[in-house]
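If you want the building blocks of each chain, they are given just below.
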There are 2 protein chains.
Amino acid sequence: MKKLTHLLCLLLLIYFQARSQDNKADDANIPKGVPASTNIRGAKYPLILPNHHVMFRLKAPDAQKVQIDLVKKYDMIKGDDGFWSVTTDSVGEGFHYYSLIIDGIATADPASESFYGMGRMASGIEIPFAGGDYYAEKDVPHGDIRIRTYYSTVTKSWRQVYIYTPPGYDATTSEKYPVLYILHGGGEDERGWATQGKTDMILDNLIAEKKAKPMLVVMPDANLGGGFGEEGLKAFQQEMKQSIIPFIEKNYRTKNTAGNRALAGLSMGGLNTLYTGVYNTDLFSYLGVFSSGWILPVQSGIANTQYDFMKQNSTKINNDLRLFWLSEGGKEDIAYKNGQVMLAKLDELKIKHSYYEYPGGHTWPVWRNDLYNFAPLLFK
Amino acid sequence: MKKLTHLLCLLLLIYFQARSQDNKADDANIPKGVPASTNIRGAKYPLILPNHHVMFRLKAPDAQKVQIDLVKKYDMIKGDDGFWSVTTDSVGEGFHYYSLIIDGIATADPASESFYGMGRMASGIEIPFAGGDYYAEKDVPHGDIRIRTYYSTVTKSWRQVYIYTPPGYDATTSEKYPVLYILHGGGEDERGWATQGKTDMILDNLIAEKKAKPMLVVMPDANLGGGFGEEGLKAFQQEMKQSIIPFIEKNYRTKNTAGNRALAGLSMGGLNTLYTGVYNTDLFSYLGVFSSGWILPVQSGIANTQYDFMKQNSTKINNDLRLFWLSEGGKEDIAYKNGQVMLAKLDELKIKHSYYEYPGGHTWPVWRNDLYNFAPLLFK
């Protein structure tokens, strides 16, 4: 009997854990709001208040100091009931990483879903956005996000790749599709575009409105070691050419010409796109560099070598590339200045390119918007 | 210049964050071991030592008390350098959830991947296992795990389902497949079988050895509200019949007869399997109930109603079901006693069934092994 009661208690405890924690905090003094869609099921906090202030609340009677780090750090205040709480400034549209800092240790908030970013599993909060219709789940035909393992002949190990296949992919065995290869930023991985980026929703909606061609979107893991040095950039180029592209073209129904391949990436992924893309315009006709640009002065050697290459090959590059699309998240993007230096250099070298800007800084709301604006330009 | 340096520092910091934290702890006094495969990239700890003791190490100079909760709680010891560490007892094969408890708050370890379990994103550690060849990544044809959203006419909301499609699924548009619907436990969701369960590896390997028929494995989210009461069980039954099965059979190439449908689940998912399965033997010819059984006395009303139903319909049930497979994770499984009570009742009612036992308790290593043993019995 004791064992059965134990089982029951454990199961019920597990099931109602998040809910019960939160309900305790449910009283009349708390402003009206909605739980963030990124909360784990049943968790009331983080609670999104009018004007997108966010209220955090957490039981931690034994902690000395608790903070929320949403780029800006907020000190939580301890109440007599052992609950800590804080209400933030108004937070901008869409997805933002955050951390819960407990007595100096940055960790994930147990009330939130976790997302691989900042080099670890971090919390994320989705702020409702009136203009977010383009990434909303709608009653349109939906594609699949596929998780697939492949053996890398470069790393000599099994690696994971996420692949969006568009609606209708399964309906025939004859139709072939162009492919957008899209890369996450530093401290992220192959899950970034699939989860934080809402790639499936953005593409489903664009395709339904006939604003973008049906395409595969391949989201590789660009962490090949070597960091931001040329070694890392070369390793990724090798992985793309030796492992990823051959794997995708062997296992999925793809159109295997440069005109049907695009490469794009954000931040660190933008650097990989610059390196692998510009040196391989016979492989990719479309390049997208989001919130990036060579990091100066550290990467000036890499940058100058590439600018020399561009100078000597400007005709070929301009002929090969149908689109060389660069973007920044406004002046508040930490990559903004590097991007502007690069744009001036491309002008000087007469390398054709487009530039797009959307305010929001070095963040996922900007990159979702980048994908939404970049994808319709592909494979025309 | 200040901004550029800021960018560089931020990117490099992000990139090497985990690595640098861990490398600090790298000294000659630390026993030889291997980082757990569930660590985030670059994290040295948790470190698996010989005989599967696990060493945890974490920098937390300002914390008052730090513990590792691996069912058994271990107090970490603070060193003069601000690092806390502890070495656990020997830990059993395969995947185990754990928590980092910082000054009383149970959270995920920033050095580990997170997994939805225990009603929140929890840490998990994969312990190497000599007998784990059946879920190892091998050079065999691989299927895909697909993430798909569907609109539930029951919850009136968009929900997510994970679907394993076997190798070769994309090669034709003519071949149709049987389907195993498999359910997670309490505090888990549709990601459980795909991630913790290694469903893709287990099926890829079984299919390659021709030990299991190529099949789809559908991993729904069984959290429909209502908990362990009949309301929750009924809601899941409705979701399966009204939303999930019709969605799968409309969107994937499935054989749509009872003989080509199996339903299985672990713990809470086993209860859903009992309820939805036994009352719908015209829909499913194969049932798998892993580490489960009606929870007595709380569910005795539900159990007695079902036993009465079985008594009145034993001929039909025995004719309809080709397999009614029950299992427990040995006597140490918290569901063991409930399971034994149910087995005796099935004997009494002359309901045909099979029983399988594998030691390891109420844990994922047991459920992986269950899938490995159950899948080959299906769709013969």
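In short, a report on the structure. Just so it is clear, the model here is predicted, and its values are computed rather than measured. (Residues numbered from 1 in each chain as written. Chains lettered and ligands numbered in written order. Predicted model: local features only at pLDDT ≥ 70, side-chain atom pairs only at ≥ 80, totals over all residues. Heavy atoms only, no water.)

## A word on the overall build of chain A
Argument step 1. When its secondary structure is counted, chain A shows nine helices and 19 strands.
Argument step 2. Relative to a compact globule of 380 residues, whose C-alpha radius of gyration would be 21 Å, chain A shows 23 Å and is just as compact.
Argument step 3. In terms of overall dimensions, chain A has a C-alpha envelope of 75 × 50 × 40 Å along the principal axes.
Argument step 4. Per-residue burial over chain A gives 62% buried out of 380 residues.
Argument step 5. Nonlocal contacts in chain A, meaning residues at least 24 apart in sequence, comprise 69% of its contacts between residues at least 6 apart.
Argument step 6. For chain A, the distance from the average site of its 41 positive side-chain charges to the average site of its 41 negative ones is 4 Å. (Helix = DSSP H or I, 4+ residues; strand = E, 2+ residues; numbered from the N terminus. Rg over C-alpha atoms; globule rule 2.2 N^0.38 Å. Buried < 20%, exposed > 50% of the residue type's maximum accessible area, 1.4 Å probe, protein only. Contact = heavy atoms within 4.5 Å. Lys, Arg positive; Asp, Glu negative; His and termini not counted. Charge placed at Lys NZ, Arg CZ, Asp CG, Glu CD.)

## Some points on the nonpolar core
Argument step 1. Within the largest apolar cluster, 78 residues are counted, with the highest numbers of intra-cluster contacts made by A:Leu180 and B:Leu180.
Argument step 2. Ignoring sequence-local partners within four residues, the contact set of A:Leu180 consists of A:Met215, A:Leu216, A:Val217, A:Val218, A:Ala262, A:Leu263, A:Ala264, A:Leu371, A:Phe374, A:Leu378 and A:Phe379. (Core = buried A, V, L, I, M, F, W, Y, C linked by side-chain atoms within 4.5 Å.)

## Comments concerning the packing of aromatic side chains
Residue and element names in this part refer to chain B.
Argument step 1. Taken as a whole and assessed by the stated rule, the structure comprises 38 aromatic pairs over all chains.
Argument step 2. On the basis of an interplanar angle of 80° and a centroid distance of 6.4 Å, the ring pair of Tyr181 and Phe284 is categorised as edge-to-face. Highlighted residues: Tyr181 in strand β14 (residues 179-183) and Phe284 in the loop between α5 (268-278) and β17 (286-290), separated in sequence by 103 residues.
Argument step 3. Judged by its relative accessible area of 1%, Phe284 falls in the buried class. (Phe/Tyr/Trp six-rings, centres within 6.5 Å; stacked < 30°, edge-to-face > 60°.)

## Points about the relation of the copies chain A and chain B
Argument step 1. Rotating chain A by 180° and translating it 0.0 Å along the rotation axis places it on chain B, where the RMSD comes to 0.0 Å. In symmetry terms, the pair is related by a two-fold rotation axis. It is A:Arg146 whose C-alpha, among those of chain A, lies nearest the rotation axis, at 2.1 Å.
Argument step 2. When the interface residues of chain A are mapped onto chain B, 100% of them again lie at the interface, so the same face is used by both copies. (Least-squares fit on C-alpha atoms with pLDDT ≥ 70 in both.)

## Concerning the pattern of salt bridges
Argument step 1. Scanning all chains against the criterion turns up 36 salt bridges over all chains.
Argument step 2. In this structure, A:Asp189 and B:Arg41 form a salt bridge, with 3.2 Å as the shortest nitrogen-oxygen distance. In this pair, A:Asp189 is assigned in the loop between β14 (179-183) and α2 (191-195) and B:Arg41 in the loop between β1 (34-35) and β2 (47-48), connecting two distinct chains.
Argument step 3. Overall, the relative accessible area of 33% leaves B:Arg41 in the partly exposed class.
Argument step 4. A:Arg191 serves as the salt-bridge partner of B:Glu113, at 2.6 Å between the closest nitrogen and oxygen. (Salt bridge = Lys/Arg side-chain N within 4 Å of Asp/Glu carboxyl O.)

## Things to note about the sheet that holds strand β3 (residues 53-59) of chain A
Residues and elements named next belong to chain A.
Argument step 1. Across the sheet, five strands lie side by side as β1-β2-β3-β7-β6; this open sheet has antiparallel pairing. Two strands in the sheet have a free side with no partner beyond their single neighbour: β1 (34-35) and β6 (77-78).
Argument step 2. In this structure, β1 lies alongside strand β2 (residues 47-48), joined through two bridges in antiparallel fashion. Bridge pairing in β2 places Val34 opposite Ile48. (Pairing = 2+ DSSP bridges.)

## Here's the deal with the interface of chain A and chain B
Argument step 1. Taken together, the contact between chain A and chain B spans 80 residues of the former and 80 residues of the latter.
Argument step 2. With both chains or domains summed, chain A and chain B bury close to 6,800 Å², and 61% of this area falls on carbon and sulfur atoms.
Argument step 3. The interface formed by chain A and chain B holds 12 salt bridges in total.
Argument step 4. For B:Asp144, the salt bridge identified is with A:Arg146, shortest N-O distance 2.7 Å. (Buried area = accessible area lost by both parts, 1.4 Å probe.)

## Details of the packing of helix α4 (residues 230-251) of chain B against α5(B)
Residue and element names in this part refer to chain B.
Argument step 1. It is at 9 Å that the axes of α4 and α5 come closest, and there the two elements cross at 65°. Put simply, α4 runs roughly perpendicular to α5. In terms of crossing hand, the pair formed by α4 and α5 is right-handed. On α5, the residues that touch Glu230, Gly232, Leu233, Lys234, Phe236, Gln237 and Met240 of α4 are Leu271, Asn272, Tyr275 and Thr276.
Argument step 2. Residues belonging to the contact of α4 with α5 are distributed by class as follows: five nonpolar, four polar and two charged. (Axes fitted to C-alpha atoms, helices over the stretch in contact; angles between N-to-C directions. Parallel < 35°, antiparallel > 145°, perpendicular 65-115°, else oblique. Left-handed = near helix turned anticlockwise from the far one by under 90°. Nonpolar A, V, L, I, M, F, W, Y, C, P; charged D, E, K, R; others polar.)

## As for the pairing of strand β19 (residues 354-357) of chain B
Residue and element names in this part refer to chain B.
Argument step 1. With four bridges connecting them, strand β18 (residues 323-328) and β19 associate as parallel partners. When the bridges of β19 are listed, Trp325 appears paired with Ser354.
Argument step 2. Note on the crossover from β18 through helix α8 (residues 336-348) to β19: the handedness is right-handed. (Right-handed = clockwise from strand over helix to strand, strands pointing away.)

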